[in-house]
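For reference, the chains in residue letters:
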Amino acid sequence: MHMEDISLVRPYNGFSLVYDRMMKHVNYKRWTAFIVAALKRLGHPKGFVLDMGCGTGTVSLLLVENGYKPVGLDLSIGMIRKAREKSIHAGISIPFLQGDMRSLPFHGRSFDVVLSLYDSMNYMLEKEDLRKVFQEVKRVLKKGGVFIFDLATEWNIIRNFDGRTFSEEHDDFSYIWTNEYDRSMKIVCSRLVFSIKEGARTKKFVEIHRQRMYDVMEVAKVLEGSGFVLHGIFDNFYPKLYSVKSDRAVFVSSIGIST
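Residues numbered from 1 in each chain as written. Predicted model: local features only at pLDDT ≥ 70, side-chain atom pairs only at ≥ 80, totals over all residues. Heavy atoms only, no water.

### Describing the sheet that holds strand E12 (residues 248-255)
Consideration 1: With respect to topology, seven strands assemble into an open sheet ordered E4-E3-E2-E5-E6-E12-E11, the strand pairing being mixed. The outermost strands of the open sheet, each flanked by one partner alone, are strand E4 (96-98) and strand E11 (228-235). If you compare each strand with its neighbour and ignore which way they point, the axes differ by 20 degrees on average.
Consideration 2: When strand E2 (residues 48-52) meets strand E3 (residues 69-74), the two strands line up parallel, connected through five bridges. Looking at the pairing, Asp51 lines up with Gly72 of E3.
Consideration 3: On top of the sheet, helix H2 (residues 28-41) reaches strand E5 (111-116), strand E6 (141-152), E11 and E12; it is set at about 145 degrees to E6, its chief contact. (Pairing = 2+ DSSP bridges. Helix = DSSP H or I, 4+ residues; strand = E, 2+ residues; numbered from the N terminus. Axes fitted to C-alpha atoms, helices over the stretch in contact; angles between N-to-C directions. Contact = heavy atoms within 4.5 Å.)

### Let's talk about the packing of H2 against helix H3 (residues 58-65)
Consideration 1: Direction vectors running N to C along H2 and H3 enclose 55 degrees, while the axes themselves pass 10 Å from each other. Comparing the axis directions of H2 and H3 gives the class oblique. In this structure, H2 crosses over H3, and the sense of that crossing is right-handed. On the side of H2, the interface is formed by Tyr28, Lys29 and Thr32, while H3 contributes Thr58, Val59, Leu62 and Leu63.
Consideration 2: Here the residues of the contact of H2 with H3 sort into four nonpolar, two polar and one charged. (Parallel < 35°, antiparallel > 145°, perpendicular 65-115°, else oblique. Left-handed = near helix turned anticlockwise from the far one by under 90°. Nonpolar A, V, L, I, M, F, W, Y, C, P; charged D, E, K, R; others polar.)

### Some thoughts on H2
Consideration 1: For H2, built from 14 residues, the straight-helix expectation of 20 Å at 1.5 Å per residue is met to within 8% by its first-to-last C-alpha distance of 20 Å.
Consideration 2: All of the buried residues along H2 are Tyr28, Trp31, Thr32, Phe34, Ile35, Val36, Ala38 and Leu39.
Consideration 3: Contacts from the buried residues of H2 go to helix H1 (19-22), H3, E5, E6, E11 and E12.
Consideration 4: Gly43, located one to two residues past H2, shows a positive phi value of around 65 degrees. (Expected span 1.5 Å × (residues − 1). Buried < 20%, exposed > 50% of the residue type's maximum accessible area, 1.4 Å probe, protein only.)

Have a look at this one:
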């Protein structure tokens with residue numbers, strides 16, 4: 001007889017258990033290549049990188065392969081546990097810490113580069129939260145440091161997610177993922193239900209994710225108003241500029257030497 005536990009958990013704490021299997025389609029190598037190319041173009045040495053919203057640490061591990069020294073930070077302890085497991089398994093020593101992007105647990109001018117990838121910024125639901133993140137990034141970056149982050153776009157959510165349900169069933173886990181977008185509030189609400197088998201027991205996790213779809217040019221203004229120089233907004237980690245039909249806007253910026 002199967003026993004079933006159901007629990008509402010914080011975003012990514014249940015998801016972390018199956019995240020890498022669900023995200024196998026994501027081309028993290030291309031993303032990392034884009035970042036490395038952007039850093040070279042800006043004449044940036046291979047230094048210390050803060051990977052904010054690092055998830056299970058895939059990009060951090062790829063950065064080590066490219067000669068960088070990453071530190072991973074994520075709000076989800078589940079994601080941090082997975083990232084630590086993966087780095088130990090790979091025989092690579094990377095510090096992975098639980099923490100909030102709006103209040104970074106680091107001394108000023110600790111990093112050469114700060115990254116925030118794969119929608120992490122969309123979880124900042126108010127413009128004031130974005131400003132706090134930008135101020136914190138500016139504080140922990142060295143003079144001339146580079147800040148690269150992405151945002152999922154409203155175009156992407158309306159075209160690919162609003163009103164849609166995704167589901168998969170495997171031998172050891174299944175999920176149902178529903179999405180509703182409130183166009184007036186610019187908030188997408190996603191409900192994920194995971195069923196994960198562990199021996200005779202099935203654990204069921206429910207997570208509610210809320211993300212805000214920002215106007216890309218408005219974010220550029222907030223970024224520049226926070227003291228960053230914007231070098232370009234790109235289309236989904238490709239070497240072409242963002243357009244209104246981009247699924248993902250990638251911001252490449254730095255802080256001036258005099259800042």
